[in-house]
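Take a look at the letters that make up each chain.
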Amino acid sequence: MKTILAILLGSSLALHCVRAEDPAPIELKNKSSFNMDASGRNPFWPIGWKPVARVQTTEHTGPDILPSAFVVSSITMGQGPHYAIINGKVMEEGQQFGLQLGNQTYQLTVKAIEDGRVILARRDQEIIVQLRRK
């Protein structure tokens, strides 16, 4: 026990003597900086990767979607939000969803739910789907 205490005391004195010397100040050789180059390449992109330019078209692309692509089986009306069951899924006004026809997926929005019909919107096209009554 005494030997362990003596070793700890000796090592702490040795460390104190080493710390007593003033270390030389650290001088930076190169300061790092970041300048965006002319190409506008994001530094977090992988090396050699270039973004694909996407062209925004204002034209109506793809064929018009027919109302027969949808089945409105139920509509709830009343105070608060309106809901409709479209193609077996519960939708509310303003909700966006995808419709897959073949290998193409079209994005649609439920524009309005009215008594007996649902109005869907796809870009500049409005699709009015009547409630199917049995």
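Within every chain, residues take consecutive numbers counted from 1 along the sequence as written. In keeping with the model being predicted, local features are shown solely for residues with a pLDDT of at least 70 and side-chain atom pairs are shown and tallied solely at 80 or more, while totals for entire chains, interfaces and linings include all residues. Heavy atoms throughout the structure, all of them, feed into the side-chain values; hydrogens and water do not.

### Thoughts on the sheet that holds strand β6 (residues 117-122)
Part 1: Here a strand pair is declared whenever DSSP counts at least two bridges between the two strands. Here a strand is any run of E in DSSP of at least two residues, a helix any run of H or I of at least four, and the numbering for each starts at the N terminus. Spatially, β4-β5-β6-β7 is the arrangement adopted by the four strands of the open sheet, whose pairing is antiparallel. The open sheet terminates on both sides in strands that have one partner only, identified here as β4 (96-101) and β7 (125-130). Going across the sheet, the axis of each strand differs from the next one's by a mean of 40°, ignoring polarity.
Part 2: With five bridges connecting them, strand β5 (residues 104-114) and β6 associate as antiparallel partners. By the bridge assignment, alanine 112 is partnered in β6 with isoleucine 119. An axis is simply a line fitted to the C-alpha atoms; with a helix, the fit covers only the stretch in contact. Between two such axes, the angle follows the N-to-C directions and lies from 0 to 180 degrees.

### Some thoughts on the packing of aromatic side chains
Part 1: Between the rings of Phe, Tyr and Trp (Trp by its six-membered ring), a pair exists once the centres lie within 6.5 Å; its type follows the angle of the planes, with under 30 degrees stacked, over 60 edge-to-face, and the other angles tilted. Following the criterion strictly, the structure yields one aromatic pair and no others.
Part 2: A ring pair is formed by phenylalanine 70 and phenylalanine 97, whose centres lie 6.4 Å apart and whose planes are at 85°; its orientation type is edge-to-face. One end of the pair, phenylalanine 70, is in the loop between α1 (2-19) and β1 (72-76); the other, phenylalanine 97, is in strand β4, and 27 residues separate them in sequence. Across the pair, phenylalanine 97 and phenylalanine 70 agree in class, each one buried. A simple rule labels every residue: compare its accessible area, found with a 1.4 Å probe on the protein chains alone, to the largest value its type can have, and call it buried under 20%, exposed over 50%, or partly exposed in between.

### With respect to the sheet that holds β1
Part 1: With antiparallel pairing, three strands are arranged side by side in an open sheet as β1-β2-β3. In this open sheet, the two edge strands, each paired with only one partner strand, are β1 and β3 (89-92). Each strand of the sheet is rotated relative to its neighbour by a mean of 25°, with strand direction disregarded.

### Let's talk about the nonpolar core
Part 1: Nine residue types can take part in a nonpolar core, namely buried Ala, Val, Leu, Ile, Met, Phe, Trp, Tyr and Cys, and a core is a set of them joined through side-chain atoms within 4.5 Å. Among the nonpolar cores identified, the biggest contains 18 residues, and Phe70, Ile86, Leu108, Val110, Val118 and Leu120 are the most heavily contacted of them.
Part 2: Of all the elements in the fold, those that place two or more residues in this core are β1, β2 (83-86), β4, β5, β6 and β7.
Part 3: In terms of residue count, β5 provides more of this core than any other element does, four residues in total.
Part 4: Should any heavy atoms of two residues lie within 4.5 Å, those residues are counted as being in contact. When neighbours within four sequence positions are excluded, valine 118 is seen to be in contact with Val72, Ile75, Ala84, Ile86, Val110, Ala112, Ile113, Ile127, Ile128 and Val129.

### With respect to the environment of glutamate 93
Part 1: Within the secondary structure layout, glutamate 93 lies in the loop between β3 and β4.
Part 2: Reaching out from glutamate 93, the side chain makes a polar contact with the backbone nitrogen of isoleucine 113 at a distance of 2.9 Å. Any pair of N or O atoms that falls within 3.5 Å is considered a polar contact. Within protein, one atom must be able to donate a hydrogen and the other to accept it, and sequence-neighbouring residues count only if both atoms are side-chain atoms.

### Looking at the pattern of salt bridges
Part 1: The rule for a salt bridge is simple: a side-chain nitrogen of Lys or Arg has to be within 4 Å of a carboxyl oxygen of Asp or Glu. With the rule as written, the count across this model stands at two salt bridges.
Part 2: With a shortest N-O distance of 2.2 Å, lysine 111 and glutamate 126 are connected by a salt bridge. One end of the pair, lysine 111, is in strand β5; the other, glutamate 126, is in strand β7, and 15 residues separate them in sequence.
Part 3: The partly exposed category is assigned to lysine 111, whose relative accessible area is 47%.
Part 4: The partner of arginine 117 in a salt bridge is glutamate 114, and the shortest N-O contact between them spans 2.6 Å.
Part 5: Residue class for arginine 117 comes out partly exposed when judged on its relative accessible area of 27%.
Part 6: When its relative accessible area of 30% is taken as the criterion, glutamate 114 is described as partly exposed.

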